[in-house]
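Each chain is listed here by its residues.
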Protein chains: 2
Amino acid sequence: MATLQLASWATNLAYANLTSGVLIAANKSLYNWAGCAIGGFAFQPAPQIALNTTLSPFSGPPTSSILGSTNGSISRGFADAQVAALVNGIASHVDDYDDTHLETIIHPAGPVASALLAIAEAYGPVTGHEFITAFVAGVEAECKLGLSVSPEHYDVGWHITSTVGSIGAAVAVGKLLKLDTTHMQHAIGVAATQVVGMQEFFGSDTKSFHIGRAAQGGMLAALLAKNGYTSSLQALEAKYGWLHVVSTRENATAYFDQLGNVWEIEKNTFKPFPCGIVMHPVIDGAIQLSNETALKGLSINDIRTVELRVNPEVLILTGKTNPQTGLEAKFSIFHAAAIGILYGEATPSQFTNDVVKNSTVVDMRKKVNVTEDKSVSKAEAYVSLTLNDGTTLEKHVEHAKGSIENPLSDAELKMKFMQQVSLVIGDKRAENAYKAFSGVRDMEDVAVIRGLY
Amino acid sequence: MATLQLASWATNLAYANLTSGVLIAANKSLYNWAGCAIGGFAFQPAPQIALNTTLSPFSGPPTSSILGSTNGSISRGFADAQVAALVNGIASHVDDYDDTHLETIIHPAGPVASALLAIAEAYGPVTGHEFITAFVAGVEAECKLGLSVSPEHYDVGWHITSTVGSIGAAVAVGKLLKLDTTHMQHAIGVAATQVVGMQEFFGSDTKSFHIGRAAQGGMLAALLAKNGYTSSLQALEAKYGWLHVVSTRENATAYFDQLGNVWEIEKNTFKPFPCGIVMHPVIDGAIQLSNETALKGLSINDIRTVELRVNPEVLILTGKTNPQTGLEAKFSIFHAAAIGILYGEATPSQFTNDVVKNSTVVDMRKKVNVTEDKSVSKAEAYVSLTLNDGTTLEKHVEHAKGSIENPLSDAELKMKFMQQVSLVIGDKRAENAYKAFSGVRDMEDVAVIRGLY
């Protein structure tokens with residue numbers, strides 16, 4: 001019944017059902033996604049390789065925006081909706097700077113918004129209300145599914161954002177295409193059978209490919225279903241269907257019963273640091289240490305050691321001691337602590353290939369030691385720094401900046417958007433882009449967004 | 001080391017390494033694939049929905065043939081290579097009439113050939129020798145990988161043809177693009193992270209989508225890697241890589257050690273009946289019964305019961321008692337027995353929606369009873385028929401027609417091709433198509449094939 005239950009809820013969801021809390025969360029999730037995609041495309045090779053040298057020969061008529069591409073090789077930053085979904089998905093995730101549903105470690109907006117914007121531009125007009133409703137349907141679908149297989153599904157090595165993301169994207173696009181419940185079930189099926197993403201690829205270009213491919217595959221699933229392509233009406237719950245094949249735990253019905261009552265999108269958080277979320281407590285602590293007056297005027301030579309005490313998951317996911325690229329450094333707890341202390345901030349600028357190879361940073365990473373401690377939760381970290389004179393400074397971060405308990409303020413989230421986007425298109429256009437992407441709900445046709453910044 | 005071992009073997013493989021047995025098997029595999037794709041596209045909705053109503057708005061310049069499409073909506077049967085790989089993959093598998101590597105139940109040609117022909121046409125010139133070498137590399141890659149996770153991987157519900165198929169397609173396309181070993185490792189990685197296909201979708205349009213999506217995803221992986229997209233050099237063997245994530249058994253090195261010594265393509269078999277291979281022994285027995293003189297002149301009303309004794313896997317995969325469509329009937333052992341006895345043959349004509357709903361066929365299916373017996377191998381079946389007068393006729397099929405032990409002759413395989421293709425383009429052009437697809441190895445540019453029939 002799980003597939004029917006999800007499809008039925010999604011097809012019946014109306015804009016009027018969305019609470020003010022949901023609307024606020026959806027709005028933040030959307031513009032944060034757009035800012036990440038714009039910044040990610042402009043400064044990372046992955047989305048540019050995917051678009052310019054790989055997929056441009058395969059693009060059909062350029063209906064849909066490539067975010068962040070102002071001079072792309074295809075018709076000034078447009079491509080067909082399938083290509084756009086893939087490239088925008090890659091770009092939105094490539095900096096590991098997007099959003100996080102902390103219970104599942106899903107980054108919800110990427111697969112769903114990347115598919116939705118591309119299809120809305122190609123198949124419009126789509127109103128802001130329709131767009132937001134479809135977006136929320138997709139996010140709820142992927143997060144409820146993620147909850148129902150967590151943590152077992154993630155623990156075996158799947159990259160949960162993309163494995164549930166294709167289904168979220170299919171539900172969202174299916175909603176926009178006004179599929180009935182049966183067709184939505186088929187869309188869920190075609191999406192469910194495309195399981196993209198493993199953790200081995202963290203630290204490489206392939207991590208962000210997962211999100212793009214999920215967006216594209218989910219869109220394709222919804223389009224196929226709309227046109228009568230059949231899959232299964234029990235795609236999720238069947239013995240050889242999604243839940244059982246990809247996880248030893250499945251509890252979908254329990255979570256689907258809460259659809260529309262407990263809104264997962266309200267739990268969405270936004271990353272203040274562009275890297276794996278399990279490193280955020282350490283970075284927060286390291287930045288706090290860097291601001292200590294006791295360190296002012298000292299150099300790296302005065303620092304004897306940095307000791308981290310963290311949950312064991314941190315080393316499993318981010319144990320790279322000697323990263324060689326910016327992308328690898330996003331999964332190095334050693335790099336995270338080093339740059340937090342050295343720079344007092346953690347922005348995309350601290351995760352470039354140059355900074356990763358900087359000799360001071362390399363030396364600093366070598367001073368970092370990590371102790372695993374099961375009694376430390378994944379949300380917290382102990383960061384202590386010992387000087388050569390024996391002075392020890394310690395910070396205990398209970399909830400890192402960006403967590404549910406310590407979220408970015410609206411002003412901080414806007415500043416994050418502006419910092420990313422201004423570098424690409426300048427302050428004035430960035431401000432226009434912020435207004436555009438934070439004003440989707442009031443648009444009569446979301447496709448106009450391309451002309452607003 | 002598994003990823004490096006596979007990549008290294010594939011990049012070093014030369015046409016001169018291929019034995020005459022390998023060349024013969026590759027040739028049969030290729031033209032059988034083409035025949036299935038031509039017939040599949042013309043008479044099944046799945047590939048036509050995928051192409052005409054779904055993907056045509058997304059096709060770039062039409063470089064690559066859509067097999068079987070003589071009047072498609074895109075430029076008389078062409079599309080871009082990504083779309084062509086997807087559609088040809090669907091078409092080649094949609095009738096469940098293709099080829100089978102029996103140890104793994106992989107249908108090897110579909111993902112590999114669908115990607116290869118499309119890319120050869122788009123990126124040529126590609127010689128016949130290059131094409132055949134790449135094809136063999138892809139087939140060996142997917143079958144060795146399949147062996148290394150069998151049967152556990154299949155048993156949990158994955159559709160192994162597509163889950164290994166994307167990797168096979170990436171190896172083949174990567175070979176054609178002349179990737180070096182490191183780039184081939186990255187290609188394997190991008191392909192490995194795209195795990196498409198679950199058994200729940202057997203009997204629906206989504207089953208054949210698996211093969212098309214694997215072909216397309218593997219091609220995309222090779223193109224991305226060629227352009228510098230990074231994945232992992234240990235994509236297969238890493239703790240959170242392909243082998244461990246998708247199976248509890250992994251023994252890749254043991255099989256990769258045999259690459260180039262034991263050729264899996266030589267074990268490829270060709271289906272005489274367009275349906276799930278586990279049903280073939282029953283169909284063979286049913287057809288034999290239908291030819292018994294004792295049944296001549298009798299009607300269905302004279303038949304009391306048909307008793308099947310089969311391996312338990314048969315009911316797991318093909319237990320649909322009351323199929324409603326031709327695709328569902330391809331996974332109904334009840335339908336298989338019924339049409340074998342009623343028609344004395346099992347061709348695509350016995351798996352149409354009309355035949356499935358025919359009242360005589362429905363009545364006949366109801367007379368079929370199945371007994372599971374672990375002592376009966378998957379290769380064999382006992383089929384017995386009891387008349388109302390008490391007469392019982394029994395057939396024991398030890399190895400079904402089309403198996404390694406009882407293969408189609410060259411003439412029969414050609415006839416299978418001709419039967420499928422003649423219905424689409426007439427006898428004369430079918431004969432030309434047979435010559436073309438069975439003559440690939442001698443071509444200076446495989447792309448000319450489109451003009452030969």
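Residues numbered from 1 in each chain as written. Chains lettered and ligands numbered in written order. Predicted model: local features only at pLDDT ≥ 70, side-chain atom pairs only at ≥ 80, totals over all residues. Heavy atoms only, no water.

An unreviewed UniProt entry lists chain A under the name 2-methylcitrate dehydratase PrpD, with Clathrospora elynae given as the organism. UniProt lists a comment for chain A under the heading Sequence similarities (unreviewed entry), and it reads "Belongs to the PrpD family." (UniProt positions renumbered as here; feature names shortened; annotations may be inferred.)

1. Topic: the nonpolar core
Leu236 and Trp242 of chain A together with Leu236 and Trp242 of chain B are the most contacted members of the largest nonpolar core, which totals 322 residues. Among all residues touching Leu236 of chain A, those that are not within four sequence positions of it are Ala2, Thr3, Leu6, Leu145, Ile167, Ile188, Ala192, Gly241, Trp242, Leu243 and Phe256 of chain A. (Core = buried A, V, L, I, M, F, W, Y, C linked by side-chain atoms within 4.5 Å. Buried < 20%, exposed > 50% of the residue type's maximum accessible area, 1.4 Å probe, protein only. Contact = heavy atoms within 4.5 Å.)

2. Some thoughts on the relation of the copies chain B and chain A
In the superposition of chain B on chain A (RMSD 0.0 Å, axial shift 0.0 Å), the rotation amounts to 180°. In short, the pair behaves as if placed about a two-fold rotation axis. Among all C-alpha atoms of chain B, that of Gly60 of chain B lies closest to the rotation axis, at 2.0 Å. Comparing interface residues between copies, 100% of those in chain B also sit at the interface in chain A, which points to an isologous, same-surface contact. (Least-squares fit on C-alpha atoms with pLDDT ≥ 70 in both.)

3. Focus: the interface of chain B and chain A
On the side of chain A, 60 residues touch chain B, which itself brings 60 residues to the contact. Per-residue buried area on chain B facing chain A is highest for Phe58, Tyr229 and Tyr240 of chain B; these three make up 17% of the total on that side. At the surface where chain B touches chain A, the tally comes to 0 salt bridges. For the interface between chain B and chain A, the tally reads 31 residue pairs in polar contact (both at pLDDT 80 or more). Among the elements that line the side of chain B that touches chain A, the one with the most residues is helix α10 (residues 205-226) of chain B, at 11 residues. (Buried area = accessible area lost by both parts, 1.4 Å probe. Salt bridge = Lys/Arg side-chain N within 4 Å of Asp/Glu carboxyl O. Polar contact = N/O pair within 3.5 Å; in protein donor to acceptor, adjacent residues only side chain to side chain. Helix = DSSP H or I, 4+ residues; strand = E, 2+ residues; numbered from the N terminus.)

4. Overview of the pattern of salt bridges
Residues and elements named next belong to chain A. Evaluation of the coordinates by the stated rule reveals 24 salt bridges over all chains. The residue Glu264 makes a salt bridge to Lys267 at a minimum N-O spacing of 2.8 Å. Of the residues examined, Lys267 reaches a relative accessible area of 22% and is grouped as partly exposed. Because the salt bridges share partners, they merge into one network encompassing Glu103, Lys144, Glu264 and Lys267.

5. Digging into the sheet that holds strand β6 (residues 303-310) of chain A
Residue and element names in this part refer to chain A. Strand order in the open sheet formed by 4 strands is β7-β6-β8-β9, with mixed pairing between adjacent strands. The open sheet is flanked by β7 (368-372) and β9 (392-397), the only strands paired with a single partner. The mean angle between the axes of side-by-side strands here comes to 15°, regardless of whether they run parallel or antiparallel. Here strand β8 (residues 381-387) runs beside β9; their pairing, made up of 6 bridges, is antiparallel. Each bridged residue has a counterpart across the sheet, and for Ser384 the counterpart in β9 is Glu394. Of the strands in this sheet, β6, β8 and β9 are in contact with helix α13 (residues 280-290), which crosses β9 at around 140°. (Pairing = 2+ DSSP bridges. Axes fitted to C-alpha atoms, helices over the stretch in contact; angles between N-to-C directions.)

6. What about the sheet that holds strand β8 (residues 381-387) of chain B?
All names here are of chain B. Spatially, the 4 strands line up as an open sheet ordered β7-β6-β8-β9, and their pairing is mixed. The sheet is open, and its two borders are formed by β7 (368-372) and β9 (392-397), each paired with just one other strand. When the angles between neighbouring strand axes are averaged without regard to direction, this sheet yields 15°. Note that strand β6 (residues 303-310) and β7 share 5 bridges and pair parallel. When the sheet's bridge partners are listed, Leu308 is paired in β7 with Val370. Contacts between helix α13 (residues 280-290) and the sheet are confined to β6, β8 and β9, with β9 contributing the most and set at about 140° to the helix.

7. Some remarks on the side chain of His210 of chain B
Summarising the element assignment, His210 of chain B is placed in helix α10. Within polar-contact distance, the side chain of His210 of chain B engages the side chain of His159 of chain B at 2.8 Å. Contact partners of His210 of chain B, with chain neighbours within four places excluded, come to Thr193 of chain A together with His159, Ser162, Val196, Gly197, Met198 and Phe201 of chain B.

8. Examining the packing of aromatic side chains
Going through the model one piece at a time under the given rule, you end up with 15 aromatic pairs over all chains. Pairing Tyr229 of chain A with Phe209 of chain B gives two aromatic rings, centres 6.4 Å apart and planes at 75°, and the pair type is edge-to-face. Here Tyr229 of chain A, found in the loop between α10 (205-226) and α11 (242-246), pairs with Phe209 of chain B, found in helix α10, and the two come from separate chains. Take Phe209 of chain B: its relative accessible area is 1%, and that puts it in the buried class. Measuring from ring centre to ring centre gives 5.8 Å for Phe417 of chain B and Tyr434 of chain B, while their planes differ by 65°; the resulting arrangement is edge-to-face. (Phe/Tyr/Trp six-rings, centres within 6.5 Å; stacked < 30°, edge-to-face > 60°.)

9. Considerations on the side chain of Asp205 of chain A
Following the sequence through the fold, Asp205 of chain A ends up in helix α10. Engagement of the side chain of Asp205 of chain A in a polar contact is seen with the backbone nitrogen of Thr230 of chain B, the distance being 3.0 Å.

10. A short note on the domain arrangement of chain A
All names here are of chain A. As assigned here, chain A comprises domain 1 (2-271 + 409-451) and domain 2 (277-397). Here the C-alpha centroids of domain 1 and domain 2 sit 32 Å apart. Taken together, the contacts link 16 residues of domain 1 with 11 residues of domain 2. Looking at the side of domain 1 facing domain 2, the largest losses of area belong to Phe202, Gly203 and Lys271, adding up to 34% of the total buried there. Between domain 1 and domain 2 we count 1 salt bridge in total. Taking the shortest distance from any N to any O, the salt bridge between Lys330 and Asp95 comes out at 3.7 Å. Run the count over domain 1 and domain 2 and you get 1 residue pair in polar contact (both at pLDDT 80 or more). Residues belonging to the side of domain 1 that touches domain 2 are distributed by class as follows: 6 nonpolar, 5 polar and 5 charged. (Domains from an automatic or database assignment. Nonpolar A, V, L, I, M, F, W, Y, C, P; charged D, E, K, R; others polar.)

11. A look at the pairing of β6 of chain A
Each regular strand carries side chains that alternate between the two faces of the sheet. Here β6 of chain A pairs with β8 of chain A via 6 bridges, running antiparallel. Looking across to β8 of chain A, one finds that Glu307 of chain A is bridged to Ser384 of chain A.

12. A word on helix α9 (residues 181-192) of chain A
Across its 12 residues, α9 of chain A extends 16 Å between first and last C-alpha, which sits within 8% of the 16 Å expected from 1.5 Å per residue. Taking burial as the measure, the 12 residues of α9 of chain A include 9 buried ones, the bulk of the element. Burial in α9 of chain A covers these residues: Met184, Gln185, His186, Ala187, Ile188, Gly189, Val190, Ala191 and Ala192 of chain A. Buried positions along α9 of chain A lie against α1 (2-12), α8 (160-176), β4 (194-196), α10 and α11 of chain A together with α10 of chain B. Two to three positions downstream of the cap, the backbone nitrogen of Thr182 of chain A sits 3.2 Å from a side-chain oxygen, assigning the N-cap of α9 of chain A to Asp180 of chain A. (Expected span 1.5 Å × (residues − 1).)

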